[in-house]
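Close look at the chain arrangement
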Amino acid sequence: MSNVEQTLSIIKPDAVERNLDNEIQQLFKDKGFQIIKEKKIQIEKSEAEEFYKVHQTKPFYNDLCSYLSSGPIVVMVIEKENGILANRELMGATNPKDAQEGTIRKKYGISIDKNSVHGSDSPENAKIEINFFFKD
Ligand code: IDP
Ligand code: MG
């Protein structure tokens, strides 16, 4: 049975700042993702705090929220068969040092915080995160 899923992808400030957004979008297309919606925005720190609230007890929460709101980001709804997992695989490990060859974080990630992309980690969170950025 087919299982086409939509997931939320964010190209983070470190990648947008280096003008990598078109190149990263091409990687998604090359892997068979369709980009259903996209917008380039800059969010307030309070919005980053809401988006990342699952991490609010973590020591890196404040820096993470400052970082995500520090510059323009590209948020996208992308779609593919088993897209949530496929996106996590294409992104690679959270720490670019641990990411496999061929992944976005291996290719472009600078550090564990400046790791170039975000992707939803479950069907439940994909719905919440898509709705967070694209309510309509
Ligand atoms: P993910 O982005 O691979 O899903 P999460 O564990 O959900 O990773 O963490 C969210 C983001 O928080 C990561 O992408 C990374 O930028 C940042 N982060 C995670 N762990 C650390 C850490 O130990 N130090 C600093 N930043 C971290
Ligand atoms: Mg995560």
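Rules behind the numbers
Residues numbered from 1 in each chain as written. Chains lettered and ligands numbered in written order. Predicted model: local features only at pLDDT ≥ 70, side-chain atom pairs only at ≥ 80, totals over all residues. Heavy atoms only, no water. Phe/Tyr/Trp six-rings, centres within 6.5 Å; stacked < 30°, edge-to-face > 60°. Helix = DSSP H or I, 4+ residues; strand = E, 2+ residues; numbered from the N terminus. Buried < 20%, exposed > 50% of the residue type's maximum accessible area, 1.4 Å probe, protein only. Pairing = 2+ DSSP bridges. Arc of directions from axis to C-beta. Contact = heavy atoms within 4.5 Å. Near = heavy atom within 4 Å. Polar contact = N/O pair within 3.5 Å; in protein donor to acceptor, adjacent residues only side chain to side chain. Areas by Shrake-Rupley, 256 points an atom, 1.4 Å probe, with all protein chains shown as cover. Nonpolar A, V, L, I, M, F, W, Y, C, P; charged D, E, K, R; others polar.

**Describing the packing of aromatic side chains**
- Within this structure, the stated rule accounts for five aromatic pairs.
- A centroid spacing of 5.3 Å and a plane angle of 55° characterise the contact between F51 and F133, whose relative ring orientation is tilted. Separated by 82 residues along the polypeptide, F51 in helix α3 (residues 45-51) and F133 in helix α7 (residues 123-133) bring together distant segments of the chain.
- Overall, F51 belongs to the buried group, its relative accessible area being 8%.
- The buried category is assigned to F133, whose relative accessible area is 6%.

**A short note on the pairing of strand β1 (residues 4-11)**
- Counting buried positions over the eight residues of β1 gives six, a clear majority of the element.
- As paired elements, β1 and strand β3 (residues 73-81) share eight bridges and run antiparallel to each other. Its bridge partner lying in β3, V4 is registered against E81.

**Regarding unusual backbone geometry**
- Although it is not a glycine, N19 sits at a positive phi angle of roughly 60°.
- The class of N19 is exposed, set by a relative accessible area of 63%.
- We note that N82 has phi near 50°; this positive angle belongs to a residue other than glycine.
- Take N82: it is sitting in the loop between β3 and α5 (83-91).

**Focus: α7**
- Of all the positions in α7, only A126, E129, I130 and F133 are classed as buried. All buried residues of α7 lie within an arc of 100° about the axis, which places them on one face of the element. Of the exposed residues in α7, the ones pointing more than 90 degrees away from its buried face are E124 and K127.
- Packed against the buried residues of α7 are β1, β2 (34-41), α3, β3, α5 and β4 (117-119).

**A word on the site of ligand 1**
- Inspection of the region around ligand 1 gives K12, H55, F60, L64, R88, T94, R105, I112, D113 and N115 as its neighbouring residues.
- With respect to ligand 1, the side chain of H55 contributes an N or O atom lying 3.0 Å from an oxygen atom.
- In the model, an oxygen atom of ligand 1 is placed 2.8 Å from a nitrogen or oxygen of the R88 side chain.
- Taken by itself ligand 1 offers 530 Å² of open surface, and the protein chains cover 76% of this.
- Classifying every residue of the shell around ligand 1 gives three nonpolar, three polar and four charged.

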